[in-house]
Amino acid sequence: MKQQYFPYTFFKDKVVKTESANVPIMTNALQYGTGVFAGIRGYYNKEGGFISLFRIADHYERFLNSLKIIDVNLKYNRNELVNITLNLVKKNKPKTDTYIRPFAYAGSTNLSPNLERDKDFDFALYMMPLGDYLPTNKGLSSMVSSWRRVSDNAIPSRAKISGSYINSALARKEATERGFDEAILLTEDGHVAEGSAENLFIVRNGTLITPSQSDDILEGITRRTIIKITSDLNIPVEIRTIDRTELYISDEAFYCGTGVQVAWIGKIDNRTVGTGKRGPITQKVQDLFFNIVRGNEKKYKNWCTKISV
Ligand code: PMP
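Residues numbered from 1 in each chain as written. Predicted model: local features only at pLDDT ≥ 70, side-chain atom pairs only at ≥ 80, totals over all residues. Heavy atoms only, no water.

Engineer: Tell me about empty space enclosed by the protein, and please be specific about residues and values.
Structural biologist: Evaluated as defined, the whole model comprises two cavities of 30 Å³ or more. Here the largest cavity defines a volume of roughly 50 Å³. As for the largest cavity, its lining consists of Arg41, Tyr43, Phe54, His59, Thr222, Gly257, Thr258, Phe289 and Val293. Looking at the lining of the largest cavity, the elements with two or more residues in it are β4 (40–45) and α7 (280–293). Looking at side-chain class alone, the lining of the largest cavity contains four nonpolar, four polar and one charged residues. Mapping the lining of the largest cavity onto the domain boundaries places at least three of its residues in each of domain 1 (8–129) and domain 2 (140–293). Of the pockets and cavities examined, the second largest cavity occupies roughly 40 Å³. Around the second largest cavity sit Asp251, Glu252, Ala253, Trp264, Ile265, Val273, Lys277, Gly279 and Thr282, which together line it. Classifying every residue of the lining of the second largest cavity by side-chain character gives four nonpolar, two polar and three charged. (1 Å grid on protein atoms, 1.4 Å probe; cavity = no way out; pocket = protein on both sides within 12 Å on 5 of 7 lines; lining within 4 Å. Points joined across faces, edges and corners; volume = space filled by probe spheres on them. Helix = DSSP H or I, 4+ residues; strand = E, 2+ residues; numbered from the N terminus. Nonpolar A, V, L, I, M, F, W, Y, C, P; charged D, E, K, R; others polar. Domains from an automatic or database assignment.)

What follows is the structure, given as structure tokens:
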């Protein structure tokens, strides 16, 4: 099915019709993946007539950090990026759950990859309707990928760099080709990193465990959200290196990310996770997460930016 997009896009410093936001085939970012991006979700509330953007400022903070890591410039600061986004949402008036994609990229047509020469990145922002990226109501089947997660010293894994997503694409292709819903990638030294486009938690003996920031993960905002809300619930959380075989004997496991939201895992490499049913901690996290992102939890309402549409 062809992906639908909202009619207006921010491109070359102004709002244009989405179909006219085009770049030449020679574009450096298109040839070499010299871009960074973000993904922000907006949750539509029909009764309230608003859309609630989740942790938009935090997404732009990571976006700017990604640019800092690769040492390039963008003419907009965080507040300006937030304002550009709010204005585009108002212009597009989405009446459905929405995904917002900021993209900073080497827009030159220079032949070779050289971030010193292409130091001034362009910026674009577009939006599309998006429901579930993966099912959240069934146990997903996962395989440990034969592809290793890009390491921080190869393509910085904590930056959301376009080119690094060939790593995700290879892992997802392998998994879906073999009949699994999703992949789990290990680090070069064989520890658990994350899914192809989402972070991962397991539960062992009532403790939530997620790989540490130095295990070649993207430092997910959803991951950070879950660490905070479960700590507030006094559920013990460990942030540490996870061995592959811990996946096989975990009581519960789930993916989390802006796209995937919170999606539970039923099987890993054909081993049933726990009882094979959604576990109690996963259930708690999922219920609370969906309430929070839809703006229904007073305690966390600062994470939500509501825009009338
Ligand atoms: N890891 C990778 C590789 C991702 O692409 C994403 C999606 N942005 C995540 C983790 C989850 O990050 P977040 O919760 O910030 O969306």
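Engineer: Give me the lowdown on the side chain of threonine 34, citing residues and values where you can.
Structural biologist: Here threonine 34 is to be found in the loop between α1 (28–32) and β3 (35–37). Looking at threonine 34, its side chain comes within polar contact range of the side chain of asparagine 28, at 2.8 Å. In this structure the side chain of threonine 34 is engaged in a polar contact, spanning 3.3 Å, whose partner is the backbone nitrogen of alanine 29. Apart from the residues lying within four places of it in its own chain, the contact partners of threonine 34 are Asn28, Ala29, Tyr105, Ala106, Leu115 and Phe121. (Polar contact = N/O pair within 3.5 Å; in protein donor to acceptor, adjacent residues only side chain to side chain. Contact = heavy atoms within 4.5 Å.)

None of this, on its own, says anything about what the molecule does.
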